Amino acid sequence: MPGAIVGRARCGARACFGADKASDLSAIDKTADPCTNFYQYACGNWMKNNPIPSDQTRWGRFNELGERNNYLLYTELKAAAEAPKTPLQKKYGDYFAACMNVNLADKLGAKPIEPMLKTIDAWNDRKTIAAFVGEMERSYAYGFFFGFGSAQDQKDSTQQIGAVDQGGLGLPDRDYYLNDDDRSKKIREQYVDHVTKMFVLLGDTPETAAAEASSVMTVETALAQGSMARVDRRTPANVYHVMTVGELQELTPDFNWKVYFAAKQESGLKTVNVVSPGFFKAMQQQIATADITALKSYLRWHTVTRFAETLSEPFVQENFNFYSATLNGQKEQTPRWKRCTRMTDRALGEAVGQDWVAQNFPPAAKDNMEQLVHALEAALKQDIQGLDWMSDATKAEAEKKLVAFRDKIGYPNKWRDYSSVVVKRDDAIGNLTQVSAFNDRRDLAKIGKPVDEKEWGMTPPTVNAYYNPAQNDINFPAGILQPPFYDFKIDPAVNFGGIGVVIGHEMTHGFDDEGAQYDPQGNVRQWWTAEDKKKFTERTDCEVKEYGDFEVAPGQKLNGKLTLGENTADNGGLHIAYQALMSTLAKEGDSTTATIDGYTPAQRFFIGFGQVWCENRTEQAARLRAKTDPHSSGEWRANGSVQNFDEFGKAFGCRVGQPMMPANACRVW
Ligand SMILES: [Zn+2]
């Protein structure tokens, strides 16, 4: 139904606004002043009435929808496990059934990982470390220290090249090893305690286990010291060091890359991008000098932690105790069916996704979404043309990039072929290994080949969206194209405030501090005039400072640099979705002032937007995410964006100088 994406399919005012979750009147805290704290106004009652479920660490609109999608997926997996109708259903049904078989897992204990542990036990010669690592990856599809895979070449985005990158840490970020504050020290103690307990579960004495855990900490700390910081990795030039295999060899004399690449069946590799050279120097140091028993402890630890979730209950529980409870503040273990549903989706997403999409994503939803995307593209074009700080030359280049956007909506046109993956109903660990080996083969097979632009990086039921600068594409899985983000039958103001802002957000990523360094073809190239780039940086610096002052837990502020790209995308997305709403209303002859429940279209737009971000999170999760998540917390995604947008202040009658209408607002796009 062309033209119906917004406006035309209007339902009765009451049923639209108020009944739908995205514009939930019951969520609003009328005692709060929207000009002082808009997030509290839009979400105050929601936050009060929606405490964090005990099996979650954060609870918000994304989680609500994620849980709903996960439940729908679960009913499908369960049916497929009980009575499959197609070979594909048999495959993912068996995967799920194997994961659900808690009795078998408990009976087996650590037995499924004994072959790996025996191989580690038998390894005693540090000169053969490359052969050992390569062999473990080949046999069991997991590795140590670093990652090796394919990546698009920054300088020629049509080509896939090999890349080796830092890895091999058990804590979420290098800072956890290096920071000197009391909280970090405490977490390190708890981590060592956790590693010790896992070794005890493998049958080691408490004394031996403690010594092993201490060795793990020493090795990982050295690797962390060599690792590149998250913030530095946001600059494309920092993560691009193409070397010959010979040059890489010089960096790590004691790790024989020829032997390793041969084990990976990549003997023909001539050059490779060494993403983080400092890390490989640190790895070399460890391989050359660490005590051999320390290295073995490190290898054992990364084996047990890799498979812990799929082993018997004591491993699952101890893994939960540290990673979910201590680090994230989760109170109770997530029910097994939820975990197995997620794991099956992660493993065979494009198999389960085919049936999921057929059930939950009608073709009309895809057509409507395409029109919505085009409305947003038109708004971004208008936005670029109207920028007062950018020269015509740079504007022309920016428009070229916008025109070159590839829109991917719902699900892939061509589904991944899983026929080579062998799934057994009674071998959860074997299934995990099969899938990892399949993904590894698929990934390495890309090296030296042209890029497949049709490939997706998320599974269809995922409640998320993404922009990939190297491909210059925006991707919206069917999972997010559901209420409350998207419902083409409801009030357009709410729809534009929800999915409209999400679309605008992904588009703006093409022009954030990172995306702006890529050209329309996905190559890293300077397409800005020097003068415009300087002005752009002044503007992004404003956001770095602004968001760096926002607090998410007592004494814990956001990292303005880490979150810059996402904040820029949030701000830009809000601007262009608002413009798109206003031009759509005008085009369709709809009023821009008619109220529903006392709110104008502009107010409903902002409330719909704010309510997408309603959430509660544990203090632990807030702190963890401040260090590792490039996204700001829900509160600041809402308030940070509206306080930088004067249309918000106008819509709610705020005065300049009030918190949500500051005189010194930041504006990039
Ligand atoms: Zn984003």
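Heads up: the structure comes first, above all this text.
Cut-off values and rules
Residues numbered from 1 in each chain as written. Predicted model: local features only at pLDDT ≥ 70, side-chain atom pairs only at ≥ 80, totals over all residues. Heavy atoms only, no water. Helix = DSSP H or I, 4+ residues; strand = E, 2+ residues; numbered from the N terminus. Buried < 20%, exposed > 50% of the residue type's maximum accessible area, 1.4 Å probe, protein only. Contact = heavy atoms within 4.5 Å. Salt bridge = Lys/Arg side-chain N within 4 Å of Asp/Glu carboxyl O. Pairing = 2+ DSSP bridges. Axes fitted to C-alpha atoms, helices over the stretch in contact; angles between N-to-C directions. Core = buried A, V, L, I, M, F, W, Y, C linked by side-chain atoms within 4.5 Å. Phe/Tyr/Trp six-rings, centres within 6.5 Å; stacked < 30°, edge-to-face > 60°. Polar contact = N/O pair within 3.5 Å; in protein donor to acceptor, adjacent residues only side chain to side chain.

(A) Quick peek at the side chain of Thr310. One can find Thr310 in the loop between helix H14 (292–307) and helix H15 (313–328). Among the residues examined, Thr310 registers a relative accessible area of 15% and is labelled buried. Thr310 has contacts with Ala105, Ala428, Ile429 and Leu432, leaving out every residue within four places of it along the chain.

(B) Representation of the pattern of salt bridges within the structure. Scanning all chains against the criterion turns up 35 salt bridges. Arg61 is paired through a salt bridge with Glu64; the nearest N and O atoms lie 3.1 Å apart. Remark: Glu64 and Arg61 occur in helix H3 (residues 61–82); sequence separation between them is 3 residues, near one turn of the helix. A relative accessible area of 17% places Glu64 in the buried class. Here Arg174 ties to Asp175 by a salt bridge, and the two come within 3.5 Å at their closest N and O atoms.

(C) Main features of the sheet that holds strand E3 (residues 160–166). Spatial ordering of the open sheet is given by E2-E3-E5-E4, a layout of 4 strands whose pairing is mixed. Edge positions in the sheet fall to strand E2 (146–152) and strand E4 (242–244), since each has one partner strand and no second. For this sheet, the mean inter-axis angle between neighbouring strands, taken without regard to orientation, is 40°. Where E4 and strand E5 (residues 271–274) come together, 3 bridges link them in antiparallel fashion. Residue Val242 lies in a different strand from E5, and its bridge partner there is Asn273.

(D) The arrangement of the sheet that holds strand E8 (residues 473–477) in detail. Across the sheet, which stays open at both edges, the 3 strands sit in the order E6-E8-E7 with mixed pairing between neighbours. Lying at the two open borders of the sheet, with one neighbouring strand each, are strand E6 (406–410) and strand E7 (466–468). Adjacent strand axes in the sheet meet at a mean angle of 15°, parallel and antiparallel pairs treated alike. Looking at chain direction, E7 and E8 are connected through 3 bridges and run antiparallel. Within E8, the position partnered with Asn468 by the bridge is Asp473.

(E) Looking closely at the nonpolar core. If you look at the biggest cluster of nonpolar residues, it comprises 103 residues, and the most contacted ones within it are Phe38, Phe476, Ile499, Phe605, Phe606 and Phe652. Non-local contacts of Phe606, meaning those with residues more than four positions away in its chain, are made with Phe38, Leu574, Tyr578, Val642, Phe645, Glu647, Phe648, Ala651 and Phe652.

(F) A look at the packing of aromatic side chains. Summed over all chains, the structure comprises 54 aromatic pairs. Aromatic side chains Phe550 and Trp636 sit 4.0 Å apart centroid to centroid with 5° between the ring planes, which places their arrangement in the stacked category. With Phe550 in the loop between helix H21 (530–548) and strand E9 (551–553) and Trp636 in helix H25 (residues 634–643), this residue pair connects regions lying 86 residues apart in the sequence. Considered together, Phe550 and Trp636 belong to a single accessibility category, that of buried residues.

(G) Focus on the pairing of E5. Alignment of E3 against E5, held across 2 bridges, turns out to be parallel. Residue pairing across strands places Val164 opposite Val274, the latter belonging to E5.

(H) Molecular detail of H25. In terms of residue burial, H25 counts as a mostly covered element, since 9 of its 10 residues are buried. Taken together, the buried positions of H25 are occupied by Gly634, Trp636, Arg637, Ala638, Asn639, Gly640, Ser641, Val642 and Gln643.

(I) Molecular detail of the side chain of Asp513. In this structure, Asp513 sits in the loop between helix H20 (492–509) and H21. According to the relative accessible area criterion, Asp513 is buried, its value standing at 17%. Polar side-chain contacts of Asp513 include one of 2.7 Å to the side chain of Arg234. Those residues in contact with Asp513, other than ones at most four positions away along the chain, are Arg234, Phe536, Leu564 and Gly565.

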